[in-house]
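Listed here are the chains, written in short residue letters.
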Amino acid sequence: MIIKFELFQKKYSELSDKKFFLFYGNNFGKVNYCTSKIVSYFKKKLMCKPIFFSSSDFTKKSLREIILNYDSDDLFSNNFLIIINIENKFSSKELVEIVKQNTLKNLKIIIKT
């Protein structure tokens, strides 16, 4: 689903059932605004704990490994929200496969670029 910025401002609270978000464009102010709105909403409404990564973090661990770690049930029933900031060339093959499979239980993923 693609939503224009103006519609997003009015309807972001209706997106709680979505698991993947991609915010991109030349206007970094809008990208950051949309990301912070969704993060704030999920923290408040769904009690999600945000975890921030940059694309350079995935050289140390695989993306799939990180996602599986945060998508598994934990002792305290925490839900997580992963925010990935892609700041340079990043191999998105692994990310595309995860999105295609769409097997996440509780995890939500925001990609900023």
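Fair warning: this is a prediction, and the values are worked out from it, not measured in the lab.

1. A few points about the overall build of the protein chain
Then comes step 1: Secondary structure summary: the protein chain contains 4 helices and 4 strands in total.
Then comes step 2: Ordered by position in the sequence, the α and β elements of the protein chain form the string α-β-α-β-α-β-α-β.
Then comes step 3: A globule of 113 residues ought to have a C-alpha radius of gyration of about 13 Å, and the protein chain, at 14 Å, matches this closely.
Then comes step 4: Expressed along its principal axes, the backbone C-alpha trace of the protein chain runs to roughly 35 × 35 × 20 Å.
Then comes step 5: For the protein chain, buried positions account for 33% of its 113 residues.
Then comes step 6: Taking all contacts inside the protein chain whose residues are at least 6 apart in sequence as the whole, residues at least 24 apart take part in 81%.
Then comes step 7: As displayed, the protein chain offers around 7600 Å² of accessible surface, 53% of which is attributable to carbon and sulfur atoms.

2. Re the side chain of S54
Then comes step 1: You can see S54 is positioned in strand 2 (residues 48-54).
Then comes step 2: A relative accessible area of 17% means that S54 is categorised as buried.
Then comes step 3: Excluding residues that lie within four positions of it along the chain, S54 makes contacts with N85 and E87.

What counts, and where the lines are drawn
- Residues numbered from 1 in each chain as written.
- Predicted model: local features only at pLDDT ≥ 70, side-chain atom pairs only at ≥ 80, totals over all residues.
- Heavy atoms only, no water.
- Helix = DSSP H or I, 4+ residues; strand = E, 2+ residues; numbered from the N terminus.
- Rg over C-alpha atoms; globule rule 2.2 N^0.38 Å.
- Buried < 20%, exposed > 50% of the residue type's maximum accessible area, 1.4 Å probe, protein only.
- Contact = heavy atoms within 4.5 Å.
- Areas by Shrake-Rupley, 256 points an atom, 1.4 Å probe, with all protein chains shown as cover.

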